[in-house]
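Architecture at a glance
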Amino acid sequence: MILDGKAVSEKRLELLKEKIDESGLYPRLATVIVGEDPASQMYVRMKHRACERVGIGSIGIELSIDASTEQVLEAVARLNADPDIDGILVQLPLPRGVETARVIDAVAPIKDVDGFHPFNLGRLLAGKPVYAPCTPQGVMTILDEYGIPIAGKRAVVVGRSIDVGRPMAVLLLNADATVTICHSRTENLADETRRADILVSAVGKAKFVRPDMVKAGATVIDVGINQDEQGRLSGDVDFEAVRERAGAITPVPGGVGPMTIATLMENTFKAARLRTCCDEIVR
């Protein structure tokens, strides 16, 4: 079975538009991008287009590649103080000269719709999330939409990044899976992945996951966006080979990627609702 993230995202965005229309709210998202990286610029444009589609206002702050950490912090501070802005997204990665951790920590938790602030990660770890990071939350939405059982299942997450791997593991744990996190130092990696009922790969290596690493009938979630040796877009999973062994699998493109943006839109609407009724929970 192909887990069509594009179709799920279309459904979620249509439902979200209806909710926003009915709410009487006008959520607004601000993006901050530093430099002119083509991929980052493309992702930001996609996010602004999604905002327009569902009825979320958006503004973009663009800073030069030589912007200092202090200049980025000043931009974030202005957005924190702006009562018309509900959500703030700082496009990552930031240039080497900018201290990423300081910038993420500077975003007001109630406006941190990316879910990367330590406050929001702590709430997630406690099992009481305000905003979960968009990519792993998007994965959970796909699993839910397709009725993939999680409770009691063995889940393996390959990759331990703070933006995907670790929060992915926590979300699966909060859903009552038995979770293993694997990484570059894991010994006998294939032995671990073959035990997984749900295998999530977020390592950033094209076609890293091969059929011999996958349990027959497992659900395989590919978070990677890479280029293969021919320069073609590829996930972490050798899709054509693994799909014959997996019970369900996400493609690249059209799998997890669209759900990341859909979840960002949902988080922004949630931020607008929280700001108007109960922002004391994230002060």
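First, a word on what this report is: a plain description of the structure on this page. (Residues numbered from 1 in each chain as written. Predicted model: local features only at pLDDT ≥ 70, side-chain atom pairs only at ≥ 80, totals over all residues. Heavy atoms only, no water.)

1. Focus on the pattern of salt bridges
In total, this model carries 15 salt bridges according to the counting rule given. Residue Asp 86 is joined to Arg 275 by a salt bridge in which the shortest nitrogen-to-oxygen separation is 2.4 Å. Of this pair, Asp 86 sits in the loop between helix H3 (69-81) and strand S3 (87-90) while Arg 275 sits in helix H10 (residues 256-277); the two residues are 189 residues apart in sequence, bridging distant segments of the chain. Owing to a relative accessible area of 36%, Arg 275 belongs among the partly exposed residues under this scheme. Two residues, Asp 212 and Arg 210, come together in a salt bridge whose shortest N-O distance is 3.2 Å. Taking the relative accessible area as the measure of exposure, Asp 212 reaches 41% and is therefore partly exposed. Of the residues examined, Arg 210 reaches a relative accessible area of 39% and is grouped as partly exposed. Residues participating in the shared-partner salt-bridge network are Lys 6, Glu 10, Glu 14 and Arg 53. (Salt bridge = Lys/Arg side-chain N within 4 Å of Asp/Glu carboxyl O. Helix = DSSP H or I, 4+ residues; strand = E, 2+ residues; numbered from the N terminus. Buried < 20%, exposed > 50% of the residue type's maximum accessible area, 1.4 Å probe, protein only.)

2. Regarding empty space enclosed by the protein
Taken as a whole, this structure holds 1 cavity of 30 Å³ or more when the rule is applied. Of the pockets and cavities examined, the largest cavity occupies roughly 70 Å³. Every residue along the wall of the largest cavity is listed here: Ile 88, Val 90, Leu 92, Ile 104, Val 107, Asp 112, Asp 114 and Phe 116. Here the residues of the lining of the largest cavity are counted per class, giving 6 nonpolar, no polar and 2 charged. (1 Å grid on protein atoms, 1.4 Å probe; cavity = no way out; pocket = protein on both sides within 12 Å on 5 of 7 lines; lining within 4 Å. Points joined across faces, edges and corners; volume = space filled by probe spheres on them. Nonpolar A, V, L, I, M, F, W, Y, C, P; charged D, E, K, R; others polar.)

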